[in-house]
Amino acid sequence: MVKPHTIISAAKHSIGAVLLVAASATVSADEGKPVAPGQKFDLSYWKITLPADENGDGKVDEINVKSIQNYSHPDFFYLDENGHMVFAAPNSAPTTANTTNTRSELRQMLRGTNTRIGTHDPGNNFAVEARKGSNKFGAIGGKMEATLKVDHVSINAGDPSKRPSYSAVVGQIHAEKYKSTRSGFGFGNEPIKIYYKKFPGHKTGSVFWTYERNLAKDNPDREDLAIPVFGFDWDGKEDPGEKGIALGEEFSYTINVHRNTMYLTFHNDRLGTIEQSLSLVRAADSKDNPYSYGGDSLYFKAGVYNQCSTRKGKSQWYAGCPGTGDWEKDKADGNYAQVTFTRLVLSKSTPPETTK
């Protein structure tokens, strides 16, 4: 494993840093009808994938940009009594085609409601400035800011030694898959996934992020490099204690892709602010794609991507987590993940403070 300081620059600041303030608008609803998250949060450029197949078509349910504005799901996507946006995903539920993990997760849609632009077209995604043809994309870079708390991660795992056990992803950037990868891009990997992981019985959990080497699926060097933020990375087995984040404790993150660099800011009132950065056009280490994600088509995701897969096997991703597919039973047994967002904002990228 590559040591974090070889791929990032980082600085830790005191608690006096600028906070991300939760939205506080009040929205009324028709009597008996729940208020949709889209009436409180700006979801103008998001669609959602849910851990359900309620129409029975054999695919996970997706709610498009137009429909999500007035949509909520009583179990998996709703506003709580404080007007905060809740995402939940049981261990056992329908999944998208390329994963065994369930999700209640938003996908950035830069096209908004303009469906003349295809989901996978450049106009619906962003790129780094150095990418050939970057001017044809919906944006060059972009910024996602979130304030949230993790309410729950699965308390059971068939194989607790597997890295994803007891964890969930709460924000990420994903790359599009291309029909041809001869250019050395289009593998559909992730330059960042933000994790929360907490072992049962521990006082707190860890917040960390991973960078996936941008290589083909069958390349043995395609690996996720983990960088700790609060607590440890996914290999830390000890209780982070006061250095970690408890369930229900609020923290924030900002992913700001400006020009060709990804700038990250994490904040917690108790632990302060941590800033990190990583080039997306230079290899993270000697085994990575030499141009990182410099030729990819990218988009943000946010919500809860439950990492506790029910699948068993040799892969590090198969933790064999229990689940019945019955939401009420799985929730009662603790076999689910849930995250609550108090703020989620998309905007254009901005220069880092140090270079303004």
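This write-up is about the structure you can find in this document. (Residues numbered from 1 in each chain as written. Predicted model: local features only at pLDDT ≥ 70, side-chain atom pairs only at ≥ 80, totals over all residues. Heavy atoms only, no water.)

**Thoughts on the side chain of N268**
Stage number 1. Positionally, N268 belongs in strand β15 (residues 261-268).
Stage number 2. A distance of 2.9 Å separates a polar side-chain atom of N268 from the backbone oxygen of E250.
Stage number 3. In this structure the side chain of N268 is engaged in a polar contact, spanning 2.9 Å, whose partner is the backbone nitrogen of L271.
Stage number 4. If we skip the residues at most four places from it in the chain, N268 touches F230, I245, E249, E250 and F251. (Helix = DSSP H or I, 4+ residues; strand = E, 2+ residues; numbered from the N terminus. Polar contact = N/O pair within 3.5 Å; in protein donor to acceptor, adjacent residues only side chain to side chain. Contact = heavy atoms within 4.5 Å.)

**A few points about the state of the cysteines**
Stage number 1. Tallying each qualifying case throughout the model produces one disulfide.
Stage number 2. Between the sulfur atoms of C308 and its disulfide partner C321 the distance amounts to 1.9 Å. With the S-S dihedral at roughly -75°, the linkage between C308 and C321 falls on the left-handed side. Remark: C321 occurs in the loop between β17 (298-306) and α2 (327-332) and C308 occurs in the loop between β17 and α2; sequence separation between them is 13 residues. (Disulfide = S-S within 2.5 Å.)

**Description of the environment of K193**
Stage number 1. As for its position among the elements, K193 is in strand β11 (residues 192-197).
Stage number 2. On a C-alpha basis, the gap between K193 and H84 in space is 22 Å, while along the polypeptide they are 109 residues apart.
Stage number 3. Setting aside residues no more than four positions away along its own chain, K193 makes contact with V169, G171, Q172, F208, W209, T210 and D224.
Stage number 4. At 3.0 Å, the side chain of K193 forms a polar contact with the side chain of D224.

**Some thoughts on the pairing of strand β12 (residues 206-212)**
Consecutive residues of a regular strand have side chains that alternate between opposite faces of the sheet.
Stage number 1. Counting buried positions along β12 gives seven out of seven residues, so the element sits mostly inside the fold.
Stage number 2. Where β11 lies against β12, five bridges are found, and the strand directions are antiparallel. Its bridge partner being in β12, Y195 is matched across the sheet by F208.
Stage number 3. As paired elements, β12 and strand β13 (residues 224-230) share six bridges and run antiparallel to each other. Note that in β13 the partner of Y211 across the bridge is L225. (Buried < 20%, exposed > 50% of the residue type's maximum accessible area, 1.4 Å probe, protein only. Pairing = 2+ DSSP bridges.)

**Re unusual backbone geometry**
When glycine is set aside, most residues are seen to have a negative phi, and most peptide bonds are trans.
Stage number 1. The backbone of R259 sits at a positive phi, close to 55°, despite the residue not being glycine.
Stage number 2. Along the polypeptide, R259 turns up in the loop between β14 (251-258) and β15.
Stage number 3. Positive phi, close to 50°, is recorded for S292, a residue that is not glycine.
Stage number 4. For S292, the location among the structural elements is in the loop between β16 (272-279) and β17.

**Regarding the pairing of β15**
Stage number 1. Of all eight residues making up β15, six are buried, and the element is well covered by its neighbours.
Stage number 2. Linkage of β14 to β15, two consecutive antiparallel strands, is achieved through a turn of two residues, within which R259 is found at a positive phi near 55°.
Stage number 3. Inspection of the sheet shows β15 paired to β16 by eight bridges, in the antiparallel sense. In the strand pairing of β16, T261 is matched with S279.
Stage number 4. A loop of three residues connects β15 with β16, the two strands running antiparallel in sequence.

**Describing the layout of surface pockets**
Stage number 1. Of the volumes computed, that of the largest pocket is approximately 1400 Å³.
Stage number 2. Lining of the largest pocket is provided by 44 residues; of these, N98, T99, R103, H174 and Y305 occupy positions nearest its centre.
Stage number 3. Looking at the lining of the largest pocket, the elements that each hand over two or more residues are β2 (46-49), β6 (103-108), β10 (167-175), β11 and β17.
Stage number 4. Tallying contributions element by element places β17 first for the lining of the largest pocket, with three residues.
Stage number 5. A class-by-class count of the residues in the lining of the largest pocket yields nine nonpolar, 18 polar and 17 charged. (1 Å grid on protein atoms, 1.4 Å probe; cavity = no way out; pocket = protein on both sides within 12 Å on 5 of 7 lines; lining within 4 Å. Points joined across faces, edges and corners; volume = space filled by probe spheres on them. Nonpolar A, V, L, I, M, F, W, Y, C, P; charged D, E, K, R; others polar.)

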